Amino acid sequence: MAKGEQTKQKTPRAERDLVAMGIAAAAIIMFVGTGGAVLPKAIRNWMGIGPGPDSVLVSAMLLNIALIIFGWRRYAELMAEIEQRKAAEERSRRLAETDPLTGSLNRRSLPSAAEALVARCAGTESAVAFVMIDLDNFKQINDLNGHMAGDRVLQETAERLRALIPQEALVARLGGDEFACVLPYDTSNQAQLDWLIQRMIGRISDPVEISGHSTEITVSVGIASTACEPFDGRVEAQVFLHRADIAMYHAKKRGKNRYYWFEAQMENELRFRNALEAGVRAGLANSEFVPYYEQQIDLETGELTGFEMLARWNSPNFGLVSPEVFIPIAEDMGVIALLSEQLIERALQDARQWDPALTLSVNVSPLQLNDPWFAQRMLKLLVKHNFPPQRFEIEITESCLHENVALVRSMILSLRNQGIKISLDDFGTGYSSLAQLRSLPFDRIKIDRSFVSEIGQDGDGSKIVDAIVSLGEGLGMPITAEGIEDDAILARLRELGQLKGQGYIYGRPETIEQVRERLGALGRLTDGGDAPDAAEAMSKSA
């Protein structure tokens, strides 16, 4: 409603109220006058000692009484309406400033309340800590138990926070599963605040009973303090909330269920991270992610048997970026599947020109194996590029086996039924059991480079390699050793049996141009036209 319209509605009511009050006041004055003339005569007449009052004056007095009653009732109604309006305004203010689910302050009201608290602490020995709290993996609670359970966890979290912090401190729910606390503390005893934050993390992590089920959750916490810089009470709360949020994000990246104080370099790291994320998006659109290839060699004969495709980011801003940098970012952004499939498609195009005896192996992210349609998409790419599935090998890491074993088993079976080979990568770094290795139909085991590098030394690494090779022989699984970097390691591996290997001893990963040059010198390039039909090969495998 426009302001002018509100004025038009309020003004007539105000005028009527003034008129009613004026009539009541005039009626009281007239009542005093008429009552003074009527009542004495009425009393004498009642006593039988005189004539009665004039009937006109009696009517006027009764009219005055009616007007007084009307004015009083209107005044009482007006007072009640004012009280109701005040109560409604107070409810509106409270709803605007508080979170309806938890009763805490909300994102809108926290900054002004925090600035008032900072102003009260100015000139004292106290500083103010801004604490950002984010529940870890809260989405899983909603997905597994429903939103009512999630709401109960949020309410319990707010109650636990209020029970822990000082009375003058503030608690706010900023939205979703994110909370903030603003509390004063003694700058000469920062350890007490650290102790309080540790208690906060421990208390929130206690199980929450919901409908007979116990739900547990952890929190990541970031802290920023006004003690980090001089202040005179005039502080922008949003600045410190932002810093605390950066520290909380840092805690999440360091493993969750912990807290960090804000430091200036964290903001620089976050800016760099944001720049990398923007670069990844642009890189996907501009095809900046390119495949590099690492040779895979038969250790007994020294013959080249294939290549492992490795991802590289040829960024115009950051140069050649290794996968250790951009793969985790792509996974967090949810674009790892798109990035991986772009690279696999380019690698399939490249490998079509290789000797048909050479294989192509690719790594996939654990997140891709959570997609039930992953196998179908891989098969579609093979058919699209007419690439024989027997030349294609997918490598999955041991950690994938602990996410969803049933889904991984179904995925492996679907891929192997079409002729695709499956390797267990980085073996020895996870927690695979013999039962899992027997139940999951892997075609090959790859020994992690951290163990291979210790071969020939007195240590557990060499013994682990010996054990893995023996295990592979027992299960009938071929072995590939990663990270071969010198002749001593190579000689020791050759003693263990028929293995494949890869590593810098055979050269660094190469671009497709370098691979073509290498294969051309070996006479192992083709035009790609005589490759067997992929769809036919899949049907035979099935």
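Residues numbered from 1 in each chain as written. Predicted model: local features only at pLDDT ≥ 70, side-chain atom pairs only at ≥ 80, totals over all residues. Heavy atoms only, no water.

Details of the overall build of the chain
Okay, so step 1: When its secondary structure is counted, the chain shows 18 helices and 16 strands.
Okay, so step 2: When the 542 residues of the chain are sorted by exposure, 44% land in the buried category.
Okay, so step 3: Of the contacts made within the chain by residues no fewer than 6 positions apart, 69% connect residues no fewer than 24 positions apart.
Okay, so step 4: A total of about 28,100 Å² of accessible surface is found on the chain, and carbon and sulfur atoms cover 53% of it. (Helix = DSSP H or I, 4+ residues; strand = E, 2+ residues; numbered from the N terminus. Buried < 20%, exposed > 50% of the residue type's maximum accessible area, 1.4 Å probe, protein only. Contact = heavy atoms within 4.5 Å. Areas by Shrake-Rupley, 256 points an atom, 1.4 Å probe, with all protein chains shown as cover.)

As for the packing of helix 10 (residues 336-351) against helix 11 (residues 374-384)
Okay, so step 1: Their axes nearest at 10 Å, the elements helix 10 and helix 11 cross at an angle of 25 degrees. Considered as vectors, helix 10 and helix 11 are oriented roughly parallel to each other. Along this stretch, helix 10 crosses helix 11, giving a crossing that reads as right-handed. Each of Ala 337, Glu 341, Ile 344, Glu 345 and Leu 348 in helix 10 lies in contact with helix 11, whose residues at this interface are Arg 377, Met 378, Leu 381, Leu 382 and Lys 384. (Axes fitted to C-alpha atoms, helices over the stretch in contact; angles between N-to-C directions. Parallel < 35°, antiparallel > 145°, perpendicular 65-115°, else oblique. Left-handed = near helix turned anticlockwise from the far one by under 90°.)

Notes on the nonpolar core
Okay, so step 1: In this structure, Trp 354, Leu 360, Phe 392, Ile 394, Phe 442 and Leu 493 are the most contacted members of the largest nonpolar core, which totals 75 residues.
Okay, so step 2: Here the element with the most residues in this core is helix 10; it accounts for 7 residues.
Okay, so step 3: Residues contacting Phe 442, with those up to four places away along its chain left out, are Ile 396, Leu 401, Ile 412, Ile 422, Ser 423, Leu 424, Leu 437 and Met 477.
Okay, so step 4: Of all hydrophobic cores here, the second largest spans 33 residues; its members include Leu 164, Ala 169, Cys 181 and Ile 223. (Core = buried A, V, L, I, M, F, W, Y, C linked by side-chain atoms within 4.5 Å.)

Section: the side chain of Thr 215
Okay, so step 1: Checked against the element boundaries, Thr 215 lands in strand 5 (residues 213-215).
Okay, so step 2: On the accessibility criterion, Thr 215 (8% relative accessible area) is buried.

Here's the deal with the packing of aromatic side chains
Okay, so step 1: For the structure on display, the rule yields 10 aromatic pairs.
Okay, so step 2: Ring centres 5.2 Å apart and planes at 55 degrees place the aromatic pair Phe 289 and Phe 326 in the tilted group. With Phe 289 in strand 8 (residues 289-298) and Phe 326 in helix 9 (residues 323-333), this pair connects stretches of sequence that are 37 residues apart.
Okay, so step 3: Residue Phe 326 is classed as buried on the basis of its relative accessible area of 1%.
Okay, so step 4: With 6.3 Å between their ring centres and 80 degrees between their planes, Tyr 293 and Phe 307 make a pair best called edge-to-face. Taken together, the residues span a long stretch of sequence, with Tyr 293 in strand 8 and Phe 307 in strand 9 (residues 304-315) at a distance of 14 residues.
Okay, so step 5: Tyr 293 gets classed as buried once you look at its relative accessible area, which sits at 0%.
Okay, so step 6: In this structure Phe 307 comes out as buried when scored by relative accessible area, which is 0%.
Okay, so step 7: An aromatic cluster of at least three residues, connected via ring pairs, comprises Phe 272, Phe 289, Trp 313, Phe 318 and Phe 326.
Okay, so step 8: The lysine or arginine in question, Arg 243, covers the ring of Phe 240, its NZ or CZ lying 5.1 Å from the ring centre. (Phe/Tyr/Trp six-rings, centres within 6.5 Å; stacked < 30°, edge-to-face > 60°. Lys NZ or Arg CZ within 6 Å of the ring centre and 35° of its normal.)

As for a nonpolar patch on the surface
Okay, so step 1: Together, Trp 46, Met 47 and Ile 49 line one region of the surface with nonpolar side chains, adding up to about 440 Å² of accessible area.
Okay, so step 2: Inspection of the secondary structure puts Ile 49 in the loop between helix 1 (3-47) and helix 2 (55-97). (Patch = residues over 30% accessible without salt bridge, like charges linked within 9 Å, V, L, I, M, F, W, Y side chains within 5 Å. Salt bridge = Lys/Arg side-chain N within 4 Å of Asp/Glu carboxyl O.)

Quick look at helix 6 (residues 190-204)
Okay, so step 1: In this model helix 6 runs 21 Å from its N-terminal to its C-terminal C-alpha over 15 residues, within 8% of the 21 Å that 1.5 Å per residue would give.
Okay, so step 2: Among all positions in helix 6, only Leu 193, Asp 194, Leu 196, Ile 197, Met 200, Ile 201 and Ile 204 are buried. Relative to the axis of helix 6, the buried residues are bounded by an arc of 160 degrees and lie together on one face.
Okay, so step 3: Contacts from the buried residues of helix 6 go to strand 1 (126-135), helix 5 (147-164), strand 3 (178-186), strand 6 (219-225) and strand 7 (259-261). (Expected span 1.5 Å × (residues − 1). Arc of directions from axis to C-beta.)

Re the sheet that holds strand 6
Okay, so step 1: The strand order across the open sheet built from 5 strands is 2-3-1-6-7, with neighbouring strands paired in mixed fashion. The sheet is open, and its two borders are formed by strand 2 (170-175) and strand 7, each paired with just one other strand. Strand-to-strand twist in this sheet, taken as the mean axis angle between neighbours without regard to direction, amounts to 20 degrees.
Okay, so step 2: Pairing between strand 6 and strand 7: 3 bridges, direction parallel. (Pairing = 2+ DSSP bridges.)

Let's talk about the pattern of salt bridges
Pairs may arise between side chains of opposite charge once their charged atoms sit close together.
Okay, so step 1: Summed over the entire model, instances satisfying the criterion amount to 23 salt bridges.
Okay, so step 2: In this structure, Asp 99 engages Arg 173 in a salt bridge whose closest nitrogen and oxygen atoms are separated by 3.1 Å. Taken together, the residues Asp 99 in the loop between helix 2 and helix 3 (110-121) and Arg 173 in strand 2 connect sequence positions 74 residues apart.
Okay, so step 3: You can call Arg 173 buried: its relative accessible area is 14%.
Okay, so step 4: Among the charged side chains, a salt-bridge network with shared partners connects Lys 253, Arg 273, Glu 277 and Asp 332.

What to know about unusual backbone geometry
Okay, so step 1: Within the chain, Lys 256 stands out as a residue other than glycine whose phi angle is a positive 70 degrees.
Okay, so step 2: With respect to the secondary-structure elements, Lys 256 resides in the loop between helix 7 (237-253) and strand 7.
Okay, so step 3: Although it is not a glycine, Ser 287 adopts a positive phi angle of roughly 55 degrees.
Okay, so step 4: Checked against the element boundaries, Ser 287 lands in the loop between helix 8 (264-285) and strand 8.
Okay, so step 5: Residue class for Ser 287 comes out partly exposed when judged on its relative accessible area of 44%.

Re the pairing of strand 8
Within a regular strand, side chains alternate between the sheet's two faces.
Okay, so step 1: Counting buried residues along strand 8, 9 of its 10 residues qualify, which places the element largely inside the surrounding structure.
Okay, so step 2: With 9 bridges connecting them, strand 8 and strand 9 associate as antiparallel partners. Paired with Val 290 across the bridge in strand 9 is Arg 312.
Okay, so step 3: From the end of strand 8 to the start of strand 9, which pair antiparallel, there are 5 residues, and Gly 302 there has a positive phi angle of about 75 degrees.

Interpretation note: all reported values are geometric properties and have no functional meaning in isolation.
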